[in-house]
Amino acid sequence: ADNVNSKFNVAYLINIKKYQYLGFDISPEMISVAKSKFPEYQFLVRDVMHGIEGKYSLILAVYGQINHFGLDEWSKIISKNLWESGSFYSVIYADTKNPDIAYENGKHQIFTENEIRSKMNEIGVEYTLHGFSFPFDPDMDSNELFEYQVCRMYSGDLMNCKYWILEGKSPR
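Below or above, wherever it landed, is the structure these notes cover.

What counts, and where the lines are drawn
Residues numbered from 1 in each chain as written. Predicted model: local features only at pLDDT ≥ 70, side-chain atom pairs only at ≥ 80, totals over all residues. Heavy atoms only, no water. Helix = DSSP H or I, 4+ residues; strand = E, 2+ residues; numbered from the N terminus. Buried < 20%, exposed > 50% of the residue type's maximum accessible area, 1.4 Å probe, protein only. Contact = heavy atoms within 4.5 Å. Areas by Shrake-Rupley, 256 points an atom, 1.4 Å probe, with all protein chains shown as cover. Patch = residues over 30% accessible without salt bridge, like charges linked within 9 Å, V, L, I, M, F, W, Y side chains within 5 Å. Salt bridge = Lys/Arg side-chain N within 4 Å of Asp/Glu carboxyl O. Lys, Arg positive; Asp, Glu negative; His and termini not counted. Charge placed at Lys NZ, Arg CZ, Asp CG, Glu CD. Core = buried A, V, L, I, M, F, W, Y, C linked by side-chain atoms within 4.5 Å. Polar contact = N/O pair within 3.5 Å; in protein donor to acceptor, adjacent residues only side chain to side chain. Pairing = 2+ DSSP bridges. Right-handed = clockwise from strand over helix to strand, strands pointing away. Arc of directions from axis to C-beta. Axes fitted to C-alpha atoms, helices over the stretch in contact; angles between N-to-C directions. Phe/Tyr/Trp six-rings, centres within 6.5 Å; stacked < 30°, edge-to-face > 60°.

## Looking at the overall build of the protein chain
Then comes step 1: In terms of regular secondary structure, the protein chain is built from 5 helices and 6 strands.
Then comes step 2: Written out in order from the N terminus, the α and β elements of the protein chain read α-β-α-β-β-α-β-α-β-α-β.
Then comes step 3: Counting over 172 residues, the protein chain shows a buried share of 45%.
Then comes step 4: Of all intrachain contacts in the protein chain linking residues separated by at least 6 positions in sequence, the fraction that spans at least 24 positions is 66%.
Then comes step 5: Split by element, the accessible area of the protein chain, about 9900 Å² in all, is 52% carbon and sulfur.

Okay, here's the thing in structure tokens:
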């Protein structure tokens with residue numbers, strides 16, 4: 001069975017079957033919300049900074065989780081808990097100095113592109129880093145916004161993005 005270390009909405013968005021999903025969050029309140037929205041899925045209150053047990057074929061960390069617990073801890077989780085043929089996906093708040101874009105909170109870390117690349121190379125994973133931001137253009141419909149984002153995401157442009165998507169495969 002797959003395991004997803006992520007926020008509850010990811011199960012719905014990527015159609016993971018209930019027997020394939022195990023969600024973790026440090027917040028009992030978020031676990032309660034997740035269970036009320038998706039009662040057929042399994043969720044545990046767990047601080048992944050203290051480690052997780054088991055091997056998983058898919059590990060997700062979305063919207064600030066890596067900024068919260070850091071690249072060192074994320075690399076330990078990938079190295080220890082990802083099956084040999086497994087994949088990981090992360091959404092990281094980008095390193096930007098624009099206060100309208102940056103994720104700023106004294107308890108969270110912002111990483112540079114070079115820091116992320118260095119850590120992924122250190123643990124020997126195959127990875128790709130994409131930029132991710134939707135423009136705020138009231139003249140664009142949802143299809144145009146999506147098309148713009150897909151083009152931008154795969155262009156290699158990381159500048160002025162609100163998020164970076166880090167995707168990869170298990171350590172070599």
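On we go from here.
## Things to note about a negative patch on the surface
Then comes step 1: A cluster of acidic residues, D137, D139, D141, E144 and E147, forms a negative patch on the protein surface.
Then comes step 2: Structurally, E147 can be placed in helix α5 (residues 142-153).

## Comments concerning the nonpolar core
Then comes step 1: In terms of nonpolar packing, the biggest core is built from 28 residues, with I66, W74, F88, I116, M120 and L166 touching the most fellow members.
Then comes step 2: The dominant element in this core, judged by the number of residues it contributes, is helix α3 (residues 65-81), at 6 residues.

## Quick look at the side chain of H130
Then comes step 1: Checked against the element boundaries, H130 lands in strand β5 (residues 126-132).
Then comes step 2: The buried category is assigned to H130, whose relative accessible area is 6%.
Then comes step 3: Only 2.6 Å separates the side chain of H130 from the side chain of E167, close enough to count as a polar contact.

## So, the pattern of salt bridges
Side-chain pairs of opposite charge can arise whenever the charged atoms involved come near each other.
Then comes step 1: By the definition in use, this model includes 4 salt bridges.
Then comes step 2: Connected through salt bridges with shared partners, the residues D72, K119 and E122 form a single ionic network.

## Section: the pairing of strand β2 (residues 42-45)
Then comes step 1: Bridging between strand β1 (residues 22-25) and β2 involves 4 bridges; their strand directions are parallel. If you follow L22 over to β2, its bridge partner there is Q42.
Then comes step 2: A crossover links β1 with its parallel partner β2, the connecting element being helix α2 (residues 28-37), and its sense is right-handed.

## A closer look at helix α4 (residues 113-123)
Then comes step 1: Among all positions of α4, only I116, K119, M120 and I123 are buried. For α4, the buried positions fall inside an angular range of 95 degrees around the axis, keeping them on one side. In this structure, α4 carries N114 and E122 as exposed residues pointing more than 90 degrees from its buried face.
Then comes step 2: Looking at the packing, one finds that the buried side of α4 touches α3, β4 (82-93), β5 and β6 (163-169).
Then comes step 3: G124 lies just past α4 and shows a positive phi near 75 degrees.

## Notes on the side chain of K119
Then comes step 1: Relative to the helices and strands, K119 is located in helix α4.
Then comes step 2: At a separation of 3.1 Å, a polar atom in the side chain of K119 contacts the side chain of E122.
Then comes step 3: Once you skip the residues sitting within four places of it in the chain, K119 turns out to touch L71, D72 and S75.

## Observations concerning the sheet that holds β6
Then comes step 1: If you walk across this open sheet you meet the 4 strands as β3-β4-β6-β5, and the pairing is mixed. Edge strands, defined here as strands with exactly one partner in the open sheet, are β3 (56-61) and β5. On average, each strand axis in the sheet is inclined to that of its neighbour by 10 degrees, with strand direction left out of account.
Then comes step 2: Note: β5 against β6, 7 bridges, orientation antiparallel. Paired with G131 across the strands is W164, a residue of β6.

## Some remarks on the packing of aromatic side chains
The geometry of two aromatic rings is summed up by the distance between their centres and the angle between their planes.
Then comes step 1: In this structure the tally under the stated criterion is 3 aromatic pairs.
Then comes step 2: When the centroid spacing of 6.0 Å and the interplanar angle of 85 degrees are considered together, the rings of F38 and Y41 count as edge-to-face. You'll find F38 and Y41 in the same group, each marked buried.
Then comes step 3: Residues F69 and W74 carry aromatic rings whose centres are separated by 6.4 Å and whose planes lie at 45 degrees to one another, so their mutual orientation is tilted.
Then comes step 4: Classification of F69 by relative accessible area gives buried; the value is 9%.
Then comes step 5: Three or more aromatic residues link up through ring pairs in this structure, and these residues are F69, W74 and F88.

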